[in-house]
Amino acid sequence: MEEQKFVSLHRLSPGTHGIVRRLQGGKEFASRLVAMGLSIGSEFEILQNRGSGPVIVLVRDTRIALGRSEALKIVVEELERERRETE
Amino acid sequence: MSDAKQNSSKGSSATDLERHEQTIVVGLAGQPNVGKSTIFNLTTGLSQHVGNWPGKTVERKEGMLVHQDIKLRLVDLPGTYSLTANSEEERITRDFILHERPDVIVMIADASALERNLYLLAELLVLPVPVVLGLNMMDVAEAQGIHIEPHVLEAALGLPVITLVAARNQGVSELIAAAERLAREPAGFKPTRPKIAEPHREVLAQVRTLLGQYVPAPYREDWVALKLLEGDMEITEKARSWLPDADWSSVAALLKEHEDAVLDIASGRYEWIARMVRAAVIHPRLGQISVTDRLDRFAVHPFWGLLLLLAMFGLVFWLTFTVATPIQHWLDVYVIERLQGLLASGLTEAPSWLADLLVNGVLGGVGIVVTFVPILAVFFTALALLEDTGYLARAAYVMDRFMHFLGLHGKSFLPLFLGFGCNVPAIMGARVIGSQSGRLLTILLAPLVPCSARLLILALLTPVFFGNQALMVSWGLVSLNILVLAIVGITLNHTVFRGQHAAFIMEMPLYHLPNLRSIGHFVWNNIWSFLRKAGTIILLVSVVVWALSNFPGSDIEQSYLARFGQSLTPIGQLMGMDWRLIVALLSSFIAKENAIATLGILYGAGEEGRGLAETMAAVVSPATALSFLAVTMLFIPCAATVAVMYKETRSWRWTLFDVTLLLVIALTVGVIIYQAAHWLGIGVSGA
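Small disclaimer: the values here were computed from a predicted structure and weren't measured.

What counts and what doesn't
Residues numbered from 1 in each chain as written. Chains lettered and ligands numbered in written order. Predicted model: local features only at pLDDT ≥ 70, side-chain atom pairs only at ≥ 80, totals over all residues. Heavy atoms only, no water. Buried < 20%, exposed > 50% of the residue type's maximum accessible area, 1.4 Å probe, protein only. Helix = DSSP H or I, 4+ residues; strand = E, 2+ residues; numbered from the N terminus. Pairing = 2+ DSSP bridges. Phe/Tyr/Trp six-rings, centres within 6.5 Å; stacked < 30°, edge-to-face > 60°. Lys NZ or Arg CZ within 6 Å of the ring centre and 35° of its normal. Axes fitted to C-alpha atoms, helices over the stretch in contact; angles between N-to-C directions. Contact = heavy atoms within 4.5 Å. Lys, Arg positive; Asp, Glu negative; His and termini not counted. Salt bridge = Lys/Arg side-chain N within 4 Å of Asp/Glu carboxyl O. Buried area = accessible area lost by both parts, 1.4 Å probe. Nonpolar A, V, L, I, M, F, W, Y, C, P; charged D, E, K, R; others polar.

Visitor: I keep staring at the pairing of strand β3 (residues 59-67) of chain B and nothing clicks. Help me out?
Guide: It is a general feature of regular strands that their side chains alternate between the two faces of the sheet. Residue and element names in this part refer to chain B. With seven of its nine residues buried, β3 lies for the most part within the structure. As defined by bridge partners, strand β2 (residues 49-52) adjoins β3 across four bridges and the pair is classed as antiparallel. Bridge pairing links His49 to Glu62 in β3. Relative to strand β4 (residues 70-76), β3 is paired through seven bridges, and the arrangement is antiparallel. Looking at the pairing, Met64 lines up with Arg73 of β4.

Visitor: Looking at this model, I keep getting lost on the packing of aromatic side chains. Mind explaining?
Guide: The geometry of an aromatic ring pair is captured by two quantities: the separation of the ring centres and the angle between the planes. Counted by the stated rule, this structure contains 14 aromatic pairs over all chains. An aromatic cluster is built from Tyr219, Trp223 and Trp242 of chain B, whose rings are joined through pairwise contacts. If you follow Arg60 of chain A out to its NZ or CZ, it ends over the ring of Tyr270 of chain B, 3.5 Å from the centre. Looking at Lys73 of chain A, its charged tip hangs above the ring of Phe29 of chain A, at a distance of 5.2 Å from the centre.

Visitor: I'm lost on the pairing of strand β3 (residues 43-48) of chain A in this one. Help?
Guide: Residues and elements named next belong to chain A. Sheet topology note: the strand β2 (residues 17-23)/β3 ladder contains three bridges and is antiparallel. Residue His17 lies in a different strand from β3, and its bridge partner there is Glu45. In textbook terms, the turn of a hairpin is the stretch between consecutive antiparallel strands, and for β3 and strand β4 (residues 55-59) this stretch comprises six residues, one of which, Gly51, has a positive phi near 85°.

Visitor: Would you mind showing me how to read the sheet that holds strand β8 (residues 161-163) of chain B here?
Guide: Paired through backbone hydrogen bonds, the strands of a sheet run either parallel or antiparallel to each other. Residue and element names in this part refer to chain B. Strands sit in the order β2-β3-β4-β1-β5-β6-β8 across an open sheet of seven strands; the sheet is mixed. With one partner strand each, in any of the chains shown, β2 and β8 form the two edges of the open sheet. Strand-to-strand twist across the sheet, computed as the mean angle between neighbouring axes with direction ignored, equals 25°. Here strand β1 (residues 24-30) runs beside β4; their pairing, made up of five bridges, is parallel. Looking across to β4, one finds that Leu28 is bridged to Asp76. Set on the sheet, helix α3 (residues 36-44) makes contact with β1, β3, β4, β5 (104-110) and β6 (131-136); between it and β3 the angle comes to about 45°.

Visitor: I keep staring at the side chain of Asp658 of chain B and nothing clicks. Help me out?
Guide: Residue and element names in this part refer to chain B. Residue placement: Asp658 occurs in helix α31 (residues 652-680). Of the side chains with opposite charge, Arg454 comes closest to the buried, unpaired Asp658, at an N-O distance of 9.8 Å. Asp658 has contacts with Ile443, Leu444, Pro447 and Met645, leaving out every residue within four places of it along the chain.

Visitor: So what exactly am I meant to see when it comes to the interface of chain B and chain A here?
Guide: Reports of interface size often rely on the accessible area that becomes lost once the parts have come together. Taken together, the 42 residues of chain B in the interface contact 32 residues of chain A. Taking both partners together, chain B and chain A bury about 3200 Å²; carbon and sulfur atoms supply 57% of that area. Here chain B and chain A share two salt bridges between them. Of all the elements in the fold, those that place two or more residues in the side of chain B that touches chain A are α5 (114-124), α13 (261-277), α14 (291-299), α17 (391-403) and β10 (505-507) of chain B. Of the residues belonging to the side of chain B that touches chain A, the class tally is 19 nonpolar, twelve polar and eleven charged. Sheet topology places strand β5 (residues 62-66) of chain A next to β10 of chain B; three bridges connect them, and they run antiparallel.

Pasting the structure below:
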């Protein structure tokens, strides 16, 4: 059940909020991301994602550009939809 | 340390020496884009000394300042997000703290993104050094509705917290005063240190016990244990060498069992940060659209962003040609040539070879070095402006998708583009690329970008041989260079650099007004570093080539250079070139534009009353001309570029690899072009 809500970060469209759940791609990659603020459990917003090319996320007041193949390795839970449903 | 000696020896009296004997060493740390260099420049001013970290390609900047009669030596540490050895910068910062034992660390944080910034603090606090926290960009934070109570934060962290607006020189002297105070009384430093999360506390203790007495100073068991759990490669290697095999295998087994610890440790640090800032920071979610987001709608747009990028670089080139090129010409004609004239008339008594050596060999070399300066000044100013305003990150973002084809990412675009002006700043500019392999690949590819000197050769020679079709031929040859660059990039990426995919992760800083002082320092430091590093090599090469073209006789046609060129005629014939064209190619090694001057000497000598253009058009066939131009465009880089390439890679192996690669490519393309033309029967009749 839980797992079904988890998607890769690159699938989210601009304006959606989410929470980082898993970081794939090795320790070095993960430790670079967490040092910039994208740690497990952090909430973020997608600022730019055009369906191809890199994406921009806003996390802990920081805008981070991620290559598409990097975004692919970040497993997240989408938040906004849930909020909208409760409204 | 040598600086301290140097400065104290300048003191006039013994009391001065005594008073300055104790120099406080301050390490200036911080994440990237926090205004650290602004603070460094403000406090150290002209006392700066720029070098390299021993054995590293990263710059080391130091400066002295005096605060209330106490001397402080400020060391600007590279900007790093954390202290896990992912990059050279991170290793430098922590090695500096562990091995050079500074008296105090001043950590600068961006107040508008405080939580992320404090991650570095969480790492610094587990190292044995007192820390002062400077909160910079308080004005930016306020503008975003973020309110910070420094005293509350100070109480929570248990260390001095100073608020700053470095761009307006606010709070900087208070920061230095706090650092100096803490350095003098380090015993009172009792900060709140982050603790490892509960699930891993036990394993941390176990690893620490296993490490036991094996950890040598200055390392400490608890820090080593923490880094081992974080999977730090450098520390893992070290611990493996410190421990007996049996103990190491127990440690390795424990680490394998807790492989997930790295993420928990990071989350634990952020939980600690959240506790620290809870009472001190009011951070409303305003939901307003910031200036940065508004500008980014255009700047990172796939179409408008690309257009903006082209406009920006158009502007840089326009500036180069309207500002730098005339100054370069002026320097050449009014300074260098006049000096050469003066020197020549002063040396009429001396043997002619000596006069010629000094006038043409030495001063000619100096001239080449000096005339690089205006172009470098324009390019580095543009680079600093784009970087300082925050635009550079957007340019990298826009270009990322295209650079992936070459096995590079967005950050490599800028240095390569600078190459159109001059390959030297392109190679130096590759420093902006985070990963070692990405930087190296960018440096290796940079000489394939046709620089302005080669574009000048095209502009001068294509009309001579191709008349109306000159523009088309020029575009074709420039495109050929780009095509070869792409092919070499893709090939190297799949062979030499295979599996070294550099992750594109980059902070997009907020836009802000540039700091002119920082830009001035940046431009000066880079030009000075070029003069210092490349200058001597260029001078040396210039003198050697002068000697080769002047001995044994004074006539270039009988010189060693000409003989060497003649010995290469078998290769030249494959490309349709006679020895004169080969010598012109060889002479372009000092500086690309030399090819024109050499052609002038070799073809102008015998043919009285005819200009170089007419003579060459009559003697050289279009097929030969095309192959000559293509080879010139792709040929080994000039001496300045080679010198800088070596200085930046610190490896003759890579430098020679690239030079050889370019030589082989250039000759192959030359042969193919000429033979294809010959086979098709095009343009060979003129020969």
